[in-house]
Amino acid sequence: MKRIGTFIMVLIVSSSLVYAQNETVDYKELNNSLLLRFDTIAIKSRSNRTITGSIVAGLGAISVAAGAFVALSPSSNPDEARMLGIGLMAGGGVLVGLSIPIFLIPSYQEQKVKTAEAYKPESEFERYKYLDKTIEDLAASCRMRRLLAAGILTGVGVGNFLWGSPLAGTVLVCGGLVPLFIESPAETEYKQYAQSERITERPED
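Summarised in this report is the structure supplied together with it. (Residues numbered from 1 in each chain as written. Predicted model: local features only at pLDDT ≥ 70, side-chain atom pairs only at ≥ 80, totals over all residues. Heavy atoms only, no water.)

A word on a nonpolar patch on the surface
The condition that has to hold: Patch definition: residues above 30% relative accessible area lacking any salt bridge, with like charges linked at up to 9 Å and the nonpolar side chains Val, Leu, Ile, Met, Phe, Trp and Tyr linked at up to 5 Å. Methods summary: accessible areas were calculated by the Shrake-Rupley approach with a probe of 1.4 Å, and residue burial reflects only the protein chains presented. Every case where a carboxyl oxygen of Asp or Glu lies within 4 Å of a side-chain nitrogen of Lys or Arg is listed as a salt bridge. Each helix corresponds to a stretch of at least 4 residues labelled H or I by DSSP, and each strand to a stretch of at least 2 residues labelled E; elements are numbered beginning at the N terminus.
A contiguous nonpolar surface patch, about 550 Å² in accessible area, is contributed by Leu147, Leu177, Val178, Leu180, Phe181 and Ile182. Considering every element that reaches the nonpolar patch, the biggest residue donor is helix α6 (residues 166-181), with four residues. Residue placement: Leu177 occurs in helix α6.

Following this line, the structure appears as structure tokens:
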């Protein structure tokens, strides 16, 4: 009986401590801080998307202009020059076309932020649990996508370098190094949050 009584007392004390923690922590303030971090993620992601779209469109425009110049310039082999020019213009047109959805479609991070900000339960504690898990999962997902993109670009680049165009291979390998070393906004914000604001033991359901 003493053991049973002791066990019940431990449960009561543990429940009281958990309840006290939930009452003393200002979850509304934590949620506001997390929402600011989500806003930062969305703003940086939108900016990165705009820069990427501009680069792709710019490369496409340069390719079109170069193709037109090659096709119309005097050459000792006009048929070959015309075909090369047409190829450059076609490739440039594809790049310009690819830039359109980049400009118009929100990125993965932007979509996740929109979903997270729309979740508004009655309890600030429940909202904190949701936002805390969301930013953690988002950072992990973005890291996996970043490393996967780096691996694909690097692999294709090495293949091109060895068995195709060394120039194209070098460009692709360099392109693969960018996502390999540059973290996504979600990863950066999550690291800062985990180091400075996150509760050591995340509340569980």
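Here the narrative resumes.
Digging into the pattern of salt bridges
Heads up, the rule is: To sort residues, take the accessible area from a 1.4 Å probe on protein chains only and compare it with the maximum for the residue type: under 20% means buried, over 50% means exposed, and anything in between is partly exposed.
Tallied over the entire structure, the rule returns 12 salt bridges. With a closest N to O distance of 2.8 Å, Arg146 and Glu187 form a salt bridge. Of the two residues, Arg146 is situated in helix α5 (residues 124-163) and Glu187 in helix α7 (residues 185-196); the sequence distance between them amounts to 41 residues. Glu187 carries the same exposure label as Arg146, and that label is buried. When the shortest N-O distance is used, the salt bridge between Glu183 and Lys191 registers 2.6 Å. Accessibility expressed as a relative area gives 31% for Glu183, which makes it partly exposed. By relative accessible area, Lys191 is classed as partly exposed at 43%. Within the structure, one salt-bridge network assembled from shared partners comprises Arg37, Lys44, Glu189 and Glu197.

What to know about the layout of surface pockets
To keep it simple, the criterion reads: Whether a set of points on the 1 Å grid over the protein atoms alone is a cavity depends on a 1.4 Å probe fitting there but being unable to get out, while an open set qualifies as a pocket with protein on both sides within 12 Å along at least five of seven lines; lining residues are those with an atom within 4 Å of a point. Grid points are joined across faces, edges and corners, and a volume is the space filled by probe spheres set on the points.
Here the largest pocket defines a volume of roughly 1,000 Å³. Lining the largest pocket we find 21 residues, and of these Asn48, Arg49, Thr52, Gln109 and Pro179 sit closest to its centre. At the level of elements, α2 (27-72), α4 (108-118), α5 and α6 are the ones that each hand at least two residues to the lining of the largest pocket.

Observations regarding the packing of α2 against α5
A pair of packed helices is captured by two measures, namely the crossing angle of their axes and the spacing between those axes. What counts here: Inter-axis angles, ranging from 0 to 180 degrees, are taken between N-to-C directions of lines fitted to C-alpha atoms, where helices are fitted over the stretch in contact. Should an angle lie under 35 degrees it is considered roughly parallel, over 145 roughly antiparallel, and from 65 to 115 roughly perpendicular; all remaining angles are considered oblique. Handedness of each helix crossing follows the sense of rotation of the near helix against the far helix: counterclockwise by less than a right angle gives left-handed, clockwise gives right-handed. Contacts between residues were defined by any pair of non-hydrogen atoms, one from each residue, lying within 4.5 Å. Polarity classes work like this: nonpolar for Ala, Val, Leu, Ile, Met, Phe, Trp, Tyr, Cys and Pro, charged for Asp, Glu, Lys and Arg, and polar for all others, with Gly in that last group.
Interhelical geometry of α2 versus α5 gives an angle of 30° and a closest axis separation of 9 Å. Between α2 and α5, the interaxial angle falls into the category roughly parallel. Handedness of the crossing formed by α2 with α5: left-handed. On α5, the residues touching Tyr27, Lys28, Leu30, Asn31, Leu34, Leu35, Arg37, Phe38 and Ile41 of α2 are Glu124, Phe125, Arg127, Tyr128, Leu131, Asp132, Thr134, Ile135 and Leu138. Class assignment of the residues belonging to the contact of α2 with α5 gives a composition of 11 nonpolar, two polar and five charged.

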